[in-house]
Amino acid sequence: MASPLLPALLLLSLSSHPAPPCSSHQFSTNKTYPFCADLPALGASLHWAYDPAQAALSLAFVAPPPGPKGWISWAINPSGSGMRGSQALAAFKGAGGGMAVKTFNVSDYALAAPTDALWFAVNETAAEFDGGVMTLFARLVLPEKGIAVVNHVWQVGGEVEGETPLEHASNPDNLMAKGRLDLVRGTAASAGADSGNERRSRNRNIHGLLNVISWGFMFPAGIVIARYLRVFPSANPAWFYLHVSCQVSAYAIGVAGWGTGLKLGGESKGITHSFHRNIGITLFALATLQMFALVLRPKKDHKYRSYWNIYHHVIGYTIVALGITNVFKGFDILKPQEKWRTTYIVVIAVLGGIAMLLEAITWIVVLRRRKQTRK
């Protein structure tokens, strides 16, 4: 049997996006700014000019979005240091193909509908997308004169729905995208990762890893063991104990992953992944029924054994189908680097190839035995 730790390398590699130094950046509009800072995360940079007497801030935020349908966002948080409570500007490609800039009041860890009710006034906005890099231009007027230092937050994401950027990834680089900006002195200092976001990201990765190992690998591997090793007399009763050990371990790990999913759902008000959640609940219910099969398993010569076999096999194959489906749905939500999705595809394809090979061998063995029995 392949090691259940084989897919454990998934979801663990996360990287930042490279960008040229801000001092060498040239804008297509030939705009210039007296200050610029290479921000410590997401390959972003900020360029600005500030008039404290008028509380007027002109800025250009530059960052590479994860894809051509992505978005970038820069925000000021007047009440804290993280995303929640920040007042954001976001740039993305609009429905007509042109660039759009919208403003958001971020009340949670996701953008709601656009709004004009912000802590600061927005006088001018513009955006452009060239060479894989998106630039957001804006002129803001802060609510008080003399403000010198603000908490700022920036982000990038891969998709937009209507006029609302969808949830960004929770990679370490995303969680570090915040800091203190000295508008007058022209300096930007990192504030580090938000502890709440960092904990939530860690729980998301744990949730994904546990479910890949359990529903996505161990349950299918356990079925391969039961279906094909039992054909060989020399494997009896070892195959049975291997099968039971694999499935009980998969159930325990899967329940742990399911529990972390419930916790994440409770901590993420307003963020729902209904399809993924419903499959997870169904998997837990079916797997629990499958565990009862150990207690309800009748002897081979019992009159109800055939019904038990149907019950056990149907639920088992349903768990495998739903489990693999939900793993891929989890990849869509967690958005790790593409190589980890590819790695899982390779792992499950190898397991499928082994199953196909053993299926052929099994039929050969069964047909030979039938032939010998007839003699």
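Bear in mind the structure is a predicted one, so any value in this text is a computation, not a measurement. (Residues numbered from 1 in each chain as written. Predicted model: local features only at pLDDT ≥ 70, side-chain atom pairs only at ≥ 80, totals over all residues. Heavy atoms only, no water.)

A. Seen up close, the packing of aromatic side chains. Here the structure, examined in full by the defined rule, presents 12 aromatic pairs. Consider the rings of phenylalanine 240 and tyrosine 241, whose centres lie 5.5 Å apart with planes at 75 degrees: the pair is edge-to-face. Of the residues examined, tyrosine 241 reaches a relative accessible area of 53% and is grouped as exposed. (Phe/Tyr/Trp six-rings, centres within 6.5 Å; stacked < 30°, edge-to-face > 60°. Buried < 20%, exposed > 50% of the residue type's maximum accessible area, 1.4 Å probe, protein only.)

B. Inspection of the nonpolar core at higher detail. Judged by nonpolar contacts, the single largest core of 33 residues is most densely connected at Trp48, Leu59, Phe61, Trp74, Leu136, Leu140 and Trp154. Looking at this core, the elements that each hand over two or more residues are β2 (45-51), β3 (56-63), β4 (71-77), β5 (87-93), β8 (133-141) and β9 (149-157). If you look at the next biggest cluster of nonpolar residues, it comprises 26 residues, including Phe217, Met218, Ala287 and Phe331. (Core = buried A, V, L, I, M, F, W, Y, C linked by side-chain atoms within 4.5 Å. Helix = DSSP H or I, 4+ residues; strand = E, 2+ residues; numbered from the N terminus.)

C. Here's a closer look at unusual backbone geometry. Here the phi dihedral of leucine 42 falls at roughly 70 degrees; this positive angle occurs in a residue that is not glycine. By the secondary structure assignment, leucine 42 is in the loop between β1 (35-38) and β2. Note on leucine 42: relative accessible area 2%, which makes it buried. Its identity as a non-glycine residue notwithstanding, alanine 55 has a phi of 55 degrees, on the positive side. Relative to the helices and strands, alanine 55 resides in the loop between β2 and β3.

D. Fine view of the confidence of the model for the chain. Across the chain, pLDDT averages 83, with 86% of residues at or above 70. Mean pLDDT per element in the chain: strand β13 (residues 187-190) is the minimum at 77, and β3 is the maximum at 94. Low pLDDT, under 50, characterises residues 1-19; the stretch is placed with 45 contacts to residues that sit more than four places away or in other chains. (pLDDT = per-residue confidence, 0-100. Contact = heavy atoms within 4.5 Å.)

E. Seen up close, the pairing of β5. Burial analysis of β5 places 6 of its 7 residues in the buried class, which makes it a mostly covered element. Relative to β5, β4 is paired through 6 bridges, and the arrangement is antiparallel. Bridge pairing in β5 links serine 73 to alanine 90. When β5 meets strand β6 (residues 99-105), the two strands line up antiparallel, connected through 7 bridges. Bridge pairing in β6 links glutamine 87 to asparagine 105. The hairpin turn running from β5 into β6, its antiparallel successor, is 5 residues long, and glycine 97 in that turn takes a positive phi close to 100 degrees. (Pairing = 2+ DSSP bridges.)

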